[in-house]
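Listed here are the chains, written in short residue letters.
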Amino acid sequence: MRTQVGIVGAGPAGLMLSHLLHRAGIDTFLIEARSRDYCEARIRAGLIEQWVVDLLSETGIGERMKREAMFHDGIYFSFDDALHHINLRKHCGRGVAVYGQQEIVKDLIARRLADDGQLHFEAQGMTLADIDSRKPTIHFTKDGKQQTIECDFIAGCDGFHGIARPAIGGIATHYEREYPFGWLGILAEAPPVADELIYAWHERGFALFSMRSPSIVRYYLQCAPDEDADKWSDARIWDELAIRLGGDAASRLKPGRIFEKGVTAMRSFVCEPMRQGRLFLAGDAAHIVPPTGAKGMNLALADVVFLSRALTAHYSEGNDSQLENYSKTCLRRVWKAQRFSWWMTQMLHRFNAAKDFDMRRQMAELDYVTSSEAAMTSLSENYAGLPMAAA
Ligand code: PHB
């Protein structure tokens, strides 16, 4: 079998890439190790930057998002028992939207299938070969049969634990930071405690209020990186949220049925370069951010927008300069998001060895960030998403 672009992984990056390339008249073949159900049910972050809202609309997959997403102009920080609001739109002209990653995945899968796209789930034993040649290949087994796809290019969109990054091997440098905590995340049927997200600093640890719909809330609590979610009874979760959210938000908190509980580790990671030969990495395969800045999916989508532009220039004009610059273009944006995510994380979390000095420094930083026009502008342009103009 042959294709122009072989794509590994059916997360937001791989699916969006196949959608964008299809619109440009470029043939793709997407292979995923998991089942379609698994990909559609996998619960991840839920915040999209303004340009992603526009991208979904402009490329014809924004219908349900426009109806169901929750559009926010600002965010709250909670500290010192009070809520402090930052109006993103006022400070940078843009807002954000809450729309779960799995909703984007469902919309993209439905659209690719309606467009007769080649999507293949439950592929076993996937390997990549000859990535330095002009004909890189993907090998896998499906329904007991060995298959080989010969490609012009391969996009590795298969996440942090996938096969694509190891295939880059020796030439890559990894930059990494682990944090001494994780997030316990829940989904619950309960009324919202605020009209926009709340990032809460508390001496017992960070808490975040987010939402998925008018009746489904998403909360996170800072916990140990290896925390056993089963040790958290529903009552303990609601009690802890009330303490950490504090003030007005706590008084509005109404416990409801918790139907999802899970622990996420927190790390910052970048693989450089994001390309070797004809293999291009995108999304979590190349970089991980801690979720505090809500940048993971947005970065993954930015990578594939750059990659689709570069591949379009290759096929339509024979111009490879964007392909040559792919890694550099992506990494400029990636490192700014790394910096922002790290900064939000260090400002809001309780560190094990934190001394009074560090806590007072965090309070001063939060006070500054919620009162200085310059600081609010800086936070807003990063949070709502840096411009997507060419690098
Ligand atoms: C989420 O809704 O899952 C979410 C929102 C904001 C974050 C992280 C996660 O910073």
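Residues numbered from 1 in each chain as written. Predicted model: local features only at pLDDT ≥ 70, side-chain atom pairs only at ≥ 80, totals over all residues. Heavy atoms only, no water.

Novice: How do you make sense of the side chain of Glu 49 when you look at a structure like this?
Specialist: Along the chain, the position of Glu 49 falls in strand β3 (residues 47-49). Residue Glu 49 is classed as buried on the basis of its relative accessible area, which comes to 2%. Side-chain polar atoms of Glu 49 contact the side chain of Trp 51, separated by 2.7 Å. Setting aside its immediate chain neighbours within four residues, Glu 49 contacts Gly 95, Lys 295, Asn 298, Arg 333, Asn 382, Tyr 383, Ala 384 and Gly 385. (Helix = DSSP H or I, 4+ residues; strand = E, 2+ residues; numbered from the N terminus. Buried < 20%, exposed > 50% of the residue type's maximum accessible area, 1.4 Å probe, protein only. Polar contact = N/O pair within 3.5 Å; in protein donor to acceptor, adjacent residues only side chain to side chain. Contact = heavy atoms within 4.5 Å.)

Novice: Mind showing me how you'd approach helix α6 (residues 101-114) here?
Specialist: Since the α-helix advances by 3.6 residues per turn, residues separated by three or four positions end up pointing in the same direction. The terminal C-alpha atoms of α6 lie 20 Å apart, and with 14 residues this matches the ideal 20 Å at 1.5 Å per residue to within 8%. Three or more residues of α6 are buried, namely Gln 101, Gln 102, Glu 103, Ile 104, Val 105, Asp 107, Leu 108, Ile 109 and Arg 112. (Expected span 1.5 Å × (residues − 1).)

Novice: Explanation requested: the state of the cysteines in the structure shown.
Specialist: When the sulfur atoms of two cysteines share a covalent bond, that bond is a disulfide. Summed over all chains, the structure comprises zero disulfides. Free cysteine: Cys 271, not disulfide-bonded; nearest cysteine sulfur from Cys 330 at 12 Å. (Disulfide = S-S within 2.5 Å.)

Novice: What's the story with the side chain of His 91 in this structure? I'm lost.
Specialist: Relative to the elements of secondary structure, His 91 occurs in helix α5 (residues 88-92). A polar side-chain atom of His 91 sits 3.0 Å from a polar atom in the side chain of Glu 373. Excluding its chain neighbours within four sequence positions, the residues that come into contact with His 91 are Glu 373, Met 376, Thr 377 and Ser 380.

Novice: Whenever I open this one, the environment of Asp 27 confuses me. Can you help?
Specialist: Its place among the elements puts Asp 27 in the loop between α1 (12-23) and β2 (28-31). Sequence spacing of Asp 27 and Gly 262 is 235 residues, and the spatial spacing of their C-alpha atoms is 38 Å. A polar contact is formed between the side chain of Asp 27 and the side chain of Thr 3, at a distance of 3.1 Å.

Novice: What's the story with unusual backbone geometry in this structure? I'm lost.
Specialist: For the bond running from Glu 272 to Pro 273, omega is -5 degrees, close enough to zero to count as cis. Residue placement: Pro 273 occurs in the loop between β16 (257-272) and β17 (275-276). Look at Asp 81: it is not a glycine, yet its phi comes out positive at around 65 degrees. Inspection of the secondary structure puts Asp 81 in the loop between β5 (74-79) and β6 (82-87). Here Asp 116, not a glycine, exhibits a phi torsion of approximately 60 degrees, which is positive. Its place among the elements puts Asp 116 in the loop between α6 and β8 (118-120). What makes Asp 116 exposed here is its relative accessible area of 69%.

Novice: Can you help me understand the site of the ligand in this one?
Specialist: Neighbouring the ligand are 13 residues, the closest being Tyr 199, Ser 210, Arg 212, Tyr 220 and Pro 291. Tyr 199 is positioned such that a nitrogen or oxygen atom in its side chain is 2.7 Å from an oxygen atom of the ligand. Computed on the free molecule, the ligand has an accessible area of 290 Å², of which 100% lies beneath the protein chains in the complex. Taken together, the elements giving at least two residues each to the shell around the ligand come down to β14 (207-213) and β15 (216-223). When residues of the shell around the ligand are assigned to their parent elements, the largest contribution, three residues, is made by β14. (Near = heavy atom within 4 Å. Areas by Shrake-Rupley, 256 points an atom, 1.4 Å probe, with all protein chains shown as cover.)

Novice: Could you clarify how one ought to interpret the packing of helix α12 (residues 326-348) against helix α13 (residues 356-369) in this entry?
Specialist: When two helices pack together, their arrangement is captured by the angle between the axes and the distance separating the axes. Running from N to C, α12 and α13 cross one another at 120 degrees; their axes reach a closest spacing of 8 Å. The angle between the axes of α12 and α13 places the two elements in the oblique class. Counted together, Trp 343, Gln 346, Met 347 and Leu 348 of α12 and Arg 361, Gln 362, Glu 365, Leu 366 and Val 369 of α13 form the full contact between these two elements. The residue makeup of the contact of α12 with α13, split by class, is five nonpolar, two polar and two charged. (Axes fitted to C-alpha atoms, helices over the stretch in contact; angles between N-to-C directions. Parallel < 35°, antiparallel > 145°, perpendicular 65-115°, else oblique. Nonpolar A, V, L, I, M, F, W, Y, C, P; charged D, E, K, R; others polar.)

Novice: In this structure, what is going on with the sheet that holds β16? I would like to understand it.
Specialist: The strands making up a sheet are joined through hydrogen bonds of the backbone, oriented either antiparallel or parallel. Strand order in the open sheet formed by eight strands is β6-β5-β13-β14-β15-β12-β16-β19, and the pairing between neighbours is mixed. Looking at which strands have only one partner, the edges of the open sheet turn out to be β6 and β19 (287-288). As paired strands, β5 and strand β13 (residues 198-200) are joined by three bridges and run parallel to one another. Opposite Tyr 76, over in β13, you have Ile 198 as the bridge partner. Docked against the sheet, helix α8 (residues 234-245) engages β5, β12 (173-189), β13, β14, β15 and β16, running at close to 80 degrees with respect to β15. Helix α14 (residues 373-383) rests against β5, β6 and β13 of the sheet, and its axis sits at about 70 degrees to β6. (Pairing = 2+ DSSP bridges.)

Novice: Can you help me understand the nonpolar core in this one?
Specialist: The biggest cluster of nonpolar side chains holds 78 residues, and the ones touching the most others in it are Met 16, Ile 48, Ile 138 and Leu 281. The dominant element in this core, judged by the number of residues it contributes, is helix α10 (residues 296-317), at eleven residues. When neighbours within four sequence positions are excluded, Ile 48 is seen to be in contact with Val 53, Leu 56, Met 65, Val 96, Ala 97, Tyr 99, Ile 104, Met 297 and Asn 298. Grouped together as the second largest cluster of nonpolar side chains are 59 residues, Met 70, Phe 77, Leu 88 and Cys 223 included. (Core = buried A, V, L, I, M, F, W, Y, C linked by side-chain atoms within 4.5 Å.)

Novice: What should I look at first to understand the packing of helix α3 (residues 50-58) against α10 in this one?
Specialist: α10 packs onto α3 with a crossing angle of 55 degrees between their chain directions and a minimal axis gap of 10 Å. Compared by their axis directions, α3 and α10 come out oblique. The element α3 and its partner α10 pack so that their crossing is left-handed. Residues Trp 51, Val 52 and Leu 55 of α3 lie in contact with α10, whose contacting residues are Asn 298, Leu 301, Ala 302 and Val 305. (Left-handed = near helix turned anticlockwise from the far one by under 90°.)

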